[in-house]
Amino acid sequence: MLRRSSLAMVLPAAMLGAVAVLPAEADDGPVVGGDCDGASSFVTVCRQEPGSSSGQGQTSDQSGTDAGQDSKPRPQTCSVERLDPQPPSSDPVWNGHEPSDGAIYTRVCLSDVLGSATGAQIIPQVFWAAEAPAVNVDPEQLAREAVDRMLLTGPDIASPRAAATYIVGMPMWMWVNKSPTTFGPNSASATLAGVTVTAQAEVTKIDWKMGDGSAITCNGPGTPYRAAYGKQESPTCGHTYARTSASQPGDKYNVTATATWTVDWQVNGDGQTGQFTETRQSQTQMAIGELQVVR
C-alpha cells in the first residue's frame, strides 16, 4: 500500500526545488477546479468552505506590517499536479471514493515555498478531485509574490531629524538614505508551475506631508545638506515652515514620507512584461521654533 507519508515524496522536483518535504494529510473537503468568484484567475484550486455557497478561494495577506504598505488580501497562489502513479484504491487518501470517480492530486502554494526560505518546511496538500483543477498562472500575481520577498520598507529618513530643532523661515532640506529595501534598486524572482517571473523595484517618488498642511512630491532621494550651502533652498527636495510647531501635540509636527515603488517584471524566457506600483510609508516628528534675538 502506498501510504500518505510516501505520497508527499512523489511531488515533481520542479514544484518544490530543493525544499524538504514532510508527510501530507489527506484533504477531505470538497474541491472546486477553475477560477473562483471574487478572486484572481491565478487561484488554481478553490475550496468550498463549510456553509458557503460558492467556491470562494482562500486568501493570504502577505503584505507585511509597515505603515502605508499595500494590504489588499491576495488569492492563494498554488500549483496542482496529478499524482503519478496513483495510490491504490485501498489507501485511505481516497476517503471513500473510487479511482473511477476521479483522481488524487497534490497542491503546493507559493506562500509555502516562500516560507521555506525562513526555515519552514513545505507540507503539500493531498486531495481527491473528480476532475483536474485548472491551472492558470497570472505572471503579475507571481511578480507581486516576488516583491514580498524583497521586504521593502518605507523611506529611511535622514533629514529632517527627529532630535533636531529647526527654525521658522529657514529652508529645510529633506533627503533619505538609499538601500535596497528602503529605496532600491531591488530584485527577486518567484517560480510556480514552471513559470518564473523576475521583478525589479525602485522608488520613483516620495510624497511628503509636513504636518502644517503642506504636501511636497520629490522625484528622488533628495540632496544631502552641507554647511557650505548656507541658507539656500534645496535644489531637489525642501520646505520652509511659516509657523512654529508650538500648537501641535508634543510641540512637534508629524511628518509622513510615502515612497512609491515602481515594479517592472518579466517572464523569464517568455518576453512578457508588465509594471505596477506599491507604496511604503515612514513617519517622524520634528520641532519648529523661532530664532531668539538678543538685544
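Residues numbered from 1 in each chain as written. Predicted model: local features only at pLDDT ≥ 70, side-chain atom pairs only at ≥ 80, totals over all residues. Heavy atoms only, no water.

### Here's the deal with the packing of aromatic side chains
Any aromatic ring pair is given by two values, namely how distant the centres are and how the planes are angled relative to each other. Note the following rule: Here a Phe, Tyr or Trp ring, Trp counted by its six-membered ring, pairs with any other such ring whose centre lies within 6.5 Å, and the pair is stacked when the planes are under 30 degrees apart, edge-to-face when over 60, and tilted otherwise. A helix here means a DSSP run of H or I that spans at least four residues, while a strand means a run of E at least two residues long, and both kinds are numbered starting from the N terminus. The buried label applies to any residue whose accessible area, calculated with a 1.4 Å probe on protein chains only, is under 20% of its type's maximum; exposed applies above 50%, and partly exposed to all values in between.
Per the counting criterion, the structure on display carries five aromatic pairs. Summarising the aromatic geometry, the rings of Y241 and Y253 are spaced 4.9 Å apart at their centres and angled 15° between planes, so their arrangement reads as stacked. Residue Y241 is found in the loop between β16 (238–239) and β17 (253–267), and its partner Y253 is found in strand β17; the two are separated by twelve residues along the sequence. Its relative accessible area of 2% is what places Y241 among the buried residues.

### With respect to the environment of W265
Put simply, the rule is: By definition, residues are in contact when any of their heavy atoms lie within 4.5 Å.
In this structure, W265 sits in strand β17. Given a relative accessible area of 6%, W265 falls into the buried group. Apart from residues lying up to four places away in sequence, W265 is in contact with P139, E140, A143, V197, T198, A199, Q272, T273, G274, Q275 and F276.

### Overview of the nonpolar core
In plain terms, the rule: Only buried Ala, Val, Leu, Ile, Met, Phe, Trp, Tyr and Cys residues count toward a nonpolar core, and they belong to the same one when joined by side-chain atoms within 4.5 Å.
With 38 residues, the main nonpolar core has M172, A199, I206, W208, M210, Y241 and M286 as its most contacted residues. Of all the secondary-structure elements, those providing two or more residues to this core are α4 (139–150), β13 (186–192), β14 (195–209), β15 (215–218), β17 and β18 (273–289). Here the element with the most residues in this core is β17; it accounts for eight residues. Of all hydrophobic cores here, the second largest spans six residues; its members include W94, I104, V126 and W128.

### A few points about the pattern of salt bridges
One side chain can pair with another of opposite charge once the charged atoms of both are near each other. We apply this condition: Within this document, salt bridges are pairs made up of a side-chain nitrogen of Lys or Arg and a carboxyl oxygen of Asp or Glu, the two lying within 4 Å of each other.
Across all of its chains, the model carries four salt bridges by this definition. One salt bridge connects R144 with E140, and the closest N-O pair in it is separated by 3.0 Å. With R144 and E140 both in helix α4, this residue pair falls four residues apart, about one helical turn. E140 gets classed as partly exposed once you look at its relative accessible area, which sits at 28%. Note that K205 is salt-bridged to D207, the shortest N-O span being 3.8 Å. The exposure class assigned to D207 is partly exposed, which follows from its relative accessible area of 25%. Ionic contacts of the salt-bridge type, sharing partners, join the residues E140, R144, E278 and R280 into one network.

### Notes on the state of the cysteines
This is how the line gets drawn: In what follows, a disulfide is any cysteine sulfur pair within 2.5 Å.
One pass over the structure, following the stated rule, counts one disulfide. Two residues, C218 and C237, share a disulfide whose sulfurs are 2.0 Å apart. Across the S-S bond linking C218 and C237, the dihedral sits near 75°, which makes this disulfide right-handed. In this pair, C218 sits in strand β15 while C237 sits in the loop between β15 and β16, placing the two residues 19 residues apart along the sequence. Exposure remark for C237: the relative accessible area of 1% places this residue in the buried category.

### Brief notes about the pairing of β13
The condition that has to hold: Strand pairing is defined by DSSP finding a minimum of two bridges between the two strands.
The alternating pattern of β13 places N186, A188, A190 and L192 on a buried face and S187, S189 and T191 on a face that is not buried. Two strands pair when backbone bridges link them, and β13 and β14 are joined in this way by seven bridges, in the antiparallel orientation. Following the sheet pairing, A190 is matched in β14 by V197. Hairpin connection, β13 to β14: the antiparallel pair is bridged by two residues, and A193 has positive phi, about 50°.

### Things to note about the confidence of the model for the chain
Quick reminder of the rule: Here pLDDT means the predictor's own confidence in every residue, given as a number from 0 to 100.
Across the chain, the average pLDDT comes to 74, with 66% of residues at 70 or higher. Scored below 50 in pLDDT, residues 1–68 shows 155 contacts in the model against residues more than four places distant or in partner chains.

### Considering the environment of T244
Our working rule: Under this definition, polar contacts are N or O atom pairs within 3.5 Å; protein pairs additionally need one hydrogen-donor-capable and one acceptor-capable atom, and for neighbouring residues in sequence, both atoms have to be side-chain atoms.
With respect to the helices, strands and loops of the structure, T244 is situated in the loop between β16 and β17. Assessed through its relative accessible area of 21%, T244 is described here as partly exposed. Through-space distance from the C-alpha of T244 to that of V168 is 6.2 Å; in sequence the pair is 76 residues apart. In this structure, T244 is in contact with V168, Y253, I288, G289 and E290, ignoring residues within four places of it in sequence. Of the polar contacts made by the side chain of T244, one reaches the backbone nitrogen of A246; its length is 3.3 Å.

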